[in-house]
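Structural characterization, general
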Amino acid sequence: MKHVILKLIFPALLLGLVFNMSLQAATTGKITGMVTDKANGEPLPGANVILDGTRQGATTDPDGRYVILAVSPGTYTVTGTMVGYGTEKRQNVNVIADYTSTIDFSLKESTLEMEELVVTAQRPPVEPDKTTSKYVISSADIEAAPQIRATAQLLALQPGMALDGTNSIRGSTTRAQTGTQVGYYVDGIEVDRNMLTGVNTTAIQEVSVLTGGMNAEFGNAAAGVVNLVTKEGQGSLQGRTEYKFTPGGKKHWGRDVYEGPQFEDNVKWDDPDWVAETYVDPGPDRVLGSSDDVERNAHERTDYTDKRGHRVEGTLSGSMSSDVSYFASVSFARDPATFPSVEQTSNDPPRAQATLTYRPSDNIKVKGLGMYQKSNEYQGAARNRTQNIFYPEEFSASGEYTLSRQLEVLTLTHTLGTSTYYDLKLFYNSFNRDTSNVPVATEATRQDEQGFFNLPTLVRQYREEEDTKYGVKFDFVSQVNSSHLFQTGLVLTQQAYHYTAENFSDTQTRQTNFVANGYDLGSNVKPWTLNLYAQDKVEFGGLVANLGLRWDYYNFGRKGTMAQALGRSPMYNSFRRARYELDHLDSSTPTMTALSPRVGFSHPITEKLAAHYFIGRMHTFAPIDLTHRRTFESNAPDDDLNGNGIIDPTEVWNRMEVLSVSWQPSDGMKPQRATSMEMGLDWNFVGDYTTSATAHYRRDEGLYASNNISYWIDPLSGQSIQVNALRNTYWQNARGIELSLKKSV
């Protein structure tokens, strides 16, 4: 254990030594500038600069410079004052996470009380410290587009993001075996896409999309990052409510679905016998010929266009005292389906987010974030635009399932002096899936008399899943001098995960997949990760450079195996034999590490034209449900070995055997790696309009795929059985030119 700890500490010391001068945490920005005498332009040391309505501010140094760190994204009024001088205010100062806002003051000397000078501030038309392709959506942008009220829609509108809503940036792979290539963060904590896109738009302070390079604080992403910052409560009591009504009527182009071209030769609405055709449904007991049988119309046409929709989203924010503020957002929706569906109007519970902020002193802030999302869905074959179109509404072949997600983040921000602070975050992120009303067996497929449209039959599909991540994140940020902003940090994450799935595809075939601690179904595997990074933002004259280095460590949290092919032998290939006899073939716990250097530059050419360049290495790890999955299959029922007439717990799955094409991690598996390069120009060509052009190239290497690695050869029959495993198998390139046009709000 001592050697493991030393191995983990050494990279942390290395990062600290390599970068001893160096970025803002991804959830905050920076305000800096100079205060000078209006009469002679000389710097004014000792002047005060404060953010109105907050406890944040700074005092200028002997050169008249000031810096305010850890500023939450948003719009502020900044005030500059000094004894013997007038007061100057800058309104509408817009702060963006990871960017620097430069606000200079020129104070006029006065021995008498003067009126305040109020000036409206404007962000530069092009960002002078933009070193990667980054597209920022502020709360003001969201309010200016009332027709868009889904976070996923906001993301799809950003350059580089896939328009079809898939989890892809700049053509990145979406194959299940490679896992996600896009990172998603809420208040600095890594989450999955569904958690981020489930955030109400009224709760978003800012969301940024990085479509190429990324700072070293972001990991387990190769193609890009989506970073969302939630709102905090400020000032007096405020509230807002939005309501959307969707009237009844057809919600798609073209003909009625029941007369669509996919059914052209199979629907016979002018044939009375076809329209009147019926079938017998076996009812709740699923036994034909019993008293609960129900006669149904085989081709029942329903009006799927008359459903109305409602959506309400509201916020409430304010102060509970001078030190405590709050913000809460809740949404509730009943959305009508566009086409015939198992559920013509959705019936999901409300989604909620809330923050509570406590400021006990000028240099300490504590923020608590809570998010909760839940949805109820049908699973298995159901009514849709295929041959199942005549299924009854609310019929599902495999029952229902419930998804719930929650995220809690507690953040302590402690400012040490005027140029240094740290963030300490404790987080808990959980996902749970549970099923209900799952049939015990799969029924034989039935169709109408012409053999085209399917009749309702039950299919046993079951999946129970639980994924919990909790840990600590620490970021240290220091403005070492006027040229170097240093940031370093670590993230330690413990995961607890399991799932059990059954899929009986027909009346005989049974297949089960599971991730568990060994073969104890429902028990958690507990992989863990450690991430360390250092970043130096160098601002010198007209040049800005981001120099970063990241180190990732992944521990599988389970034992490896010394003989993968032996698991196919008759000694171990059944579930029961493997469960009780295969443990002695375990080896040490597998681990993976990755080192990722990244460099980005920004070169403002004029006030309206700037260039940026980036090159860096990124790494991603395999999805846990692949690296820890076990798969068994059988075409026969379990054996009653003791002859007592029932299948005892020790006899369950005794006919299940290892599936020959099942996946497992291979020895020597390494993280997937990507090398990303880009160069681009931002040009404010007229008024509020800015265009961007970026040429980009990304090479993905060592992507995971399932390959044959060895065979088990039966010594008696000579028959061989293939063994597949996840390996670093293939590569791909993505290149292109990205164009965007934006009008400032």
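See the structure printed just above.
Structural notes, computed from the coordinates. Bear in mind the structure is a predicted one, so any value in this text is a computation, not a measurement.

Read across the sheet, five strands follow the order 10-13-14-11-12 without closing on themselves; strand pairing throughout is mixed. The open sheet has two free edges, formed respectively by strand 10 (134-138) and strand 12 (189-191), since each of these has just one partner strand. Each neighbouring strand pair of the sheet contributes to a mean axis angle of 20°, computed without reference to strand direction. Bridging between strand 10 and strand 13 (residues 204-210) involves five bridges; their strand directions are antiparallel. Within strand 13, the residue paired with Lys 134 across the bridge is Leu 210.

Pairing between strand 21 (residues 364-378) and strand 22 (residues 400-416): 15 bridges, direction antiparallel. Among the inter-strand pairings, Lys 374 is bridged to a residue of strand 22, identified as Ser 404. Where strand 22 meets strand 23 (residues 420-436), 17 bridges bridge the pair, whose relative direction is antiparallel. Note on strand 23: the bridge partner recorded for Thr 411 is Lys 425. Here strand 22 hands over to strand 23 after three residues, with Gly 417 in that stretch at a positive phi of 75°.

A separate point is unusual backbone geometry. Both trends apply: most residues other than glycine have a negative phi, and most peptide bonds are in trans. At Arg 170, a residue that is not glycine, the phi angle is positive and equals roughly 50°. One can find Arg 170 in the loop between helix 3 (151-156) and strand 11 (182-186). Residue Arg 170 is classed as buried on the basis of its relative accessible area, which comes to 9%. Despite not being glycine, Asn 220 shows a phi value in the positive range, around 50°. With respect to the element layout, Asn 220 can be found in the loop between strand 13 and strand 14 (224-230).

Another aspect to go through is the packing of aromatic side chains. Per the counting criterion, the structure on display carries 23 aromatic pairs. Aromatic pair Trp 528 and Tyr 553: ring centres 5.1 Å apart, planes at 50°, arrangement tilted. Within this pair, whereas Trp 528 is found in strand 29 (residues 528-540), its partner Tyr 553 is found in strand 30 (residues 543-555), the two being separated by 25 residues in sequence. Taking relative accessible area as the criterion, Tyr 553 reaches 9% and is therefore assigned buried. Directly above the ring of Phe 105 sits Arg 90, whose terminal nitrogen or CZ lies 5.6 Å from the centroid.

Each value, and the rule that gives it
- Going along each chain's sequence as written, the residues are numbered from 1 onward.
- In keeping with the predicted nature of the model, local features appear solely for residues at pLDDT of at least 70, side-chain atom pairs appear and are counted solely at 80 or more, and the whole-chain, interface and lining totals rest on all residues.
- Hydrogens and water molecules were not included; the side-chain quantities draw on all heavy atoms of the structure.
- Only strands joined by at least two bridges in the DSSP assignment are considered to pair.
- For the purposes of this entry, the term helix denotes a DSSP run of H or I that reaches at least four residues, the term strand denotes a run of E that reaches at least two, and both are numbered from the N terminus.
- Helix axes use the C-alpha atoms of the stretch in contact, all axes being lines fitted to C-alpha atoms, and the angles between their N-to-C directions lie in the range 0 to 180 degrees.
- Note on exposure labels: buried denotes an accessible area under 20% of the residue type's maximum, exposed denotes more than 50%, and partly exposed covers the range between, all computed with a 1.4 Å probe on protein chains only.
- Note on ring pairs: Phe, Tyr and Trp rings are taken, using the six-membered ring of Trp, and paired if centres are within 6.5 Å. Classes follow the plane angle, with under 30 degrees stacked, over 60 edge-to-face and the rest tilted.
- Only when the NZ atom of a Lys or the CZ atom of an Arg is both within 6 Å of the ring centre and within 35 degrees of the ring normal do we say a charge sits over the ring.

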